[in-house]
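Chains, contacts and geometry: an overview
Spelled out from the first residue to the last, the chains are:
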Amino acid sequence: MPRASKQSASHTEAMEGFEGHYENFDGGYTVGFESYSADADMAPVFQGLPDDRCQCAHWGYVLKGKIGFRYADREETYEAGDAYYAPPGHTPILYNGGEVIEFSPTDELNNTMEVVTKNMEATAASQ
């Protein structure tokens, strides 16, 4: 049976205010164990995607703190103990102290992360 934990995940991404540990499962899904140590509106790193928004769906559970998602017509916030579904067409809002476990379709996540990574690299290079 495939399984993953924050400690056993095969891929880690870390930057100021964010740490994520990821594992891809057979069947086309990725689990992410994410924690946030700063408040951040992530909208700028999604520039260049359709509608400048994340095009990947996410199913998650908030372990600590909270996480938010901004859509064209609303904003949703989930707090510790909440399970959530974030359909495509959102930008995340991260809150200091937040910790989530999130499941996403691997192909859609990878396509989105290509753009996000390029935007983050461009931002870092201009600073």
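Please refer to the structure higher up on the page.
Residues numbered from 1 in each chain as written. Predicted model: local features only at pLDDT ≥ 70, side-chain atom pairs only at ≥ 80, totals over all residues. Heavy atoms only, no water.

What to know about the packing of aromatic side chains
The full count for this structure, using the stated rule, is six aromatic pairs. Seen from their ring centres, Tyr 29 and Trp 59 are 6.2 Å apart, and the 65° between their planes marks the pair as edge-to-face. Of this pair, Tyr 29 sits in strand β3 (residues 29-36) while Trp 59 sits in strand β5 (residues 58-64); the two residues are 30 residues apart in sequence, bridging distant segments of the chain. A residue is classified by how much of its surface remains accessible, and Tyr 29, at 38% relative accessible area, is partly exposed. Judged by its relative accessible area of 36%, Trp 59 falls in the partly exposed class. (Phe/Tyr/Trp six-rings, centres within 6.5 Å; stacked < 30°, edge-to-face > 60°. Helix = DSSP H or I, 4+ residues; strand = E, 2+ residues; numbered from the N terminus. Buried < 20%, exposed > 50% of the residue type's maximum accessible area, 1.4 Å probe, protein only.)

A closer look at the pattern of salt bridges
Scanning the model with the defined rule gives five salt bridges in all. A salt bridge links Asp 41 to Arg 70, with the nearest nitrogen and oxygen atoms 2.7 Å apart. One end of the pair, Asp 41, is in strand β4 (residues 40-41); the other, Arg 70, is in strand β6 (residues 66-70), and 29 residues separate them in sequence. Close ionic contact of Glu 75 with Arg 70 constitutes a salt bridge, the shortest N to O distance being 3.0 Å. If you follow the salt bridges from partner to partner, you end up with Asp 41, Arg 70 and Glu 75 in one network. (Salt bridge = Lys/Arg side-chain N within 4 Å of Asp/Glu carboxyl O.)

Looking at the environment of Gly 32
Note on placement: Gly 32 falls in strand β3. Measuring from C-alpha to C-alpha, the distance between Gly 32 and Glu 19 comes to 10.0 Å, with 13 residues separating the pair along the chain. Residues contacting Gly 32, with those up to four places away along its chain left out, are His 21, Tyr 22, Val 100, Ile 101 and Glu 102. (Contact = heavy atoms within 4.5 Å.)

Considering the sheet that holds strand β1 (residues 11-15)
Across the sheet, which stays open at both edges, the six strands sit in the order β1-β2-β3-β10-β5-β8 with antiparallel pairing between neighbours. The open sheet has two edge strands, β1 and β8 (83-86), and neither has a second partner. On average, each strand axis in the sheet is inclined to that of its neighbour by 20°, with strand direction left out of account. Helix α1 (residues 106-125) contacts β1, β2 (18-25), β3, β5 and β10 (99-105) of the sheet and is inclined by roughly 115° relative to β10. (Pairing = 2+ DSSP bridges. Axes fitted to C-alpha atoms, helices over the stretch in contact; angles between N-to-C directions.)

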